[in-house]
Amino acid sequence: MNEEMLNISVQQSKLLSSALRVKIMKYLLDSPKTSKQVADLLGESGGNIHYHIKKLYDGGLLEIVEEKKNGGVIEKYYQSKSKWFNTEGAEIIDPVLSDQYESADASKLSIRLELTGAQKEEMTSEFRAFLERWVEKSTAERNEDKQEFSIGVKIISTEPKQEKKG
């Protein structure tokens, strides 16, 4: 699995705007698995997980790393192409994170800091680790009372983008 940030399109990023698909990607990070194996880990139906894995694969976020013949069935082993994805383009990726979305339960946090390049990279790394811990926590506990939340973190320079000369 690639540890580097993989640049993806807005259309590809929309494939990840589902908590279930994020859980699927989590289970396909470190070792390849079949749809059935992921379904068993998540306590979900095989057909449902296969549908979502097929969408992620067709969208270029997963790859087939092995195929094994088991009786009359060919088992496909999928793995995530990356742990982190960067969306290229200005279009809103997750409409739930737009200021116009009216949610029953929302918290907004915002702050401005002066950071060195190294501090910005450190903060980015810490946010990634924080989000990874919460993916792990939310996946580990099976509970019917869960509600899906969308979480977005932006670290953006206040300096305007410079036009490239050339």
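Every value quoted in this text rests on a predicted model; they were computed, and no experiment measured them.

1. Re the pattern of salt bridges
Okay, step 1: Overall, the coordinates contain six salt bridges when judged by the stated rule.
Okay, step 2: With a shortest N-O distance of 3.3 Å, Lys83 and Glu132 are connected by a salt bridge. You can see Lys83 sitting in strand E4 (residues 82–87) and its partner Glu132 sitting in helix H5 (residues 117–140), a full 49 residues away along the chain.
Okay, step 3: Given a relative accessible area of 32%, Glu132 falls into the partly exposed group.

2. Examining the UniProt feature "domain: HTH arsR-type" (unreviewed entry) in the chain
Okay, step 1: Look at the UniProt record and you will see "domain: HTH arsR-type" (unreviewed entry) annotated at residues 11–98.
Okay, step 2: Its end C-alpha atoms 17 Å apart, residues 11–98 is made of 39% helix and 26% strand.

3. With respect to the side chain of Lys33
Okay, step 1: You can see Lys33 is positioned in the loop between helix H2 (19–27) and helix H3 (35–42).
Okay, step 2: Despite being buried, Lys33 has no salt bridge partner; Asp30 is the closest side chain of opposite charge, sitting 7.2 Å away.
Okay, step 3: Excluding residues within four positions of it along the chain, Lys33 makes contact with Tyr27, Leu28, Val38, Leu41, Lys76, Tyr77 and Tyr78.

4. Description of the packing of aromatic side chains
The geometry of an aromatic ring pair comes down to the distance between the two centres and the angle between the two planes.
Okay, step 1: Applying the stated criterion across every chain yields a total of one aromatic pair.
Okay, step 2: A ring pair is formed by Tyr57 and Tyr78, whose centres lie 5.8 Å apart and whose planes are at 70 degrees; its orientation type is edge-to-face. One end of the pair, Tyr57, is in helix H4 (residues 46–58); the other, Tyr78, is in strand E3 (residues 73–80), with 21 residues separating them in the sequence.
Okay, step 3: Judged by relative accessible area, which is 4%, Tyr78 ranks as buried.
Okay, step 4: The residue whose ring lies beneath Lys26 is Tyr27, and the NZ or CZ to ring-centre distance is 4.4 Å.
Okay, step 5: In this structure, Lys137 packs its charged tip against the face of Trp134, placed 4.2 Å from the ring centre.

5. What about the nonpolar core?
Okay, step 1: Counting residues in hydrophobic clusters, the biggest one holds 17 residues, and the most contacted among them are Ile24, Ile49 and Ile53.
Okay, step 2: Going through the elements one at a time, H2, H3 and H4 are the ones with two or more residues in this core.
Okay, step 3: Ranked by the residues each element gives to this core, the list is headed by H2, at four residues.
Okay, step 4: Excluding its chain neighbours within four sequence positions, the residues that come into contact with Ile53 are Ile24, Leu28, Ser35, Val38, Leu62 and Tyr78.

Here is what the cut-offs are and how they apply
- Residues numbered from 1 in each chain as written.
- Predicted model: local features only at pLDDT ≥ 70, side-chain atom pairs only at ≥ 80, totals over all residues.
- Heavy atoms only, no water.
- Salt bridge = Lys/Arg side-chain N within 4 Å of Asp/Glu carboxyl O.
- Helix = DSSP H or I, 4+ residues; strand = E, 2+ residues; numbered from the N terminus.
- Buried < 20%, exposed > 50% of the residue type's maximum accessible area, 1.4 Å probe, protein only.
- UniProt positions renumbered as here; feature names shortened; annotations may be inferred.
- Lys, Arg positive; Asp, Glu negative; His and termini not counted.
- Contact = heavy atoms within 4.5 Å.
- Phe/Tyr/Trp six-rings, centres within 6.5 Å; stacked < 30°, edge-to-face > 60°.
- Lys NZ or Arg CZ within 6 Å of the ring centre and 35° of its normal.
- Core = buried A, V, L, I, M, F, W, Y, C linked by side-chain atoms within 4.5 Å.

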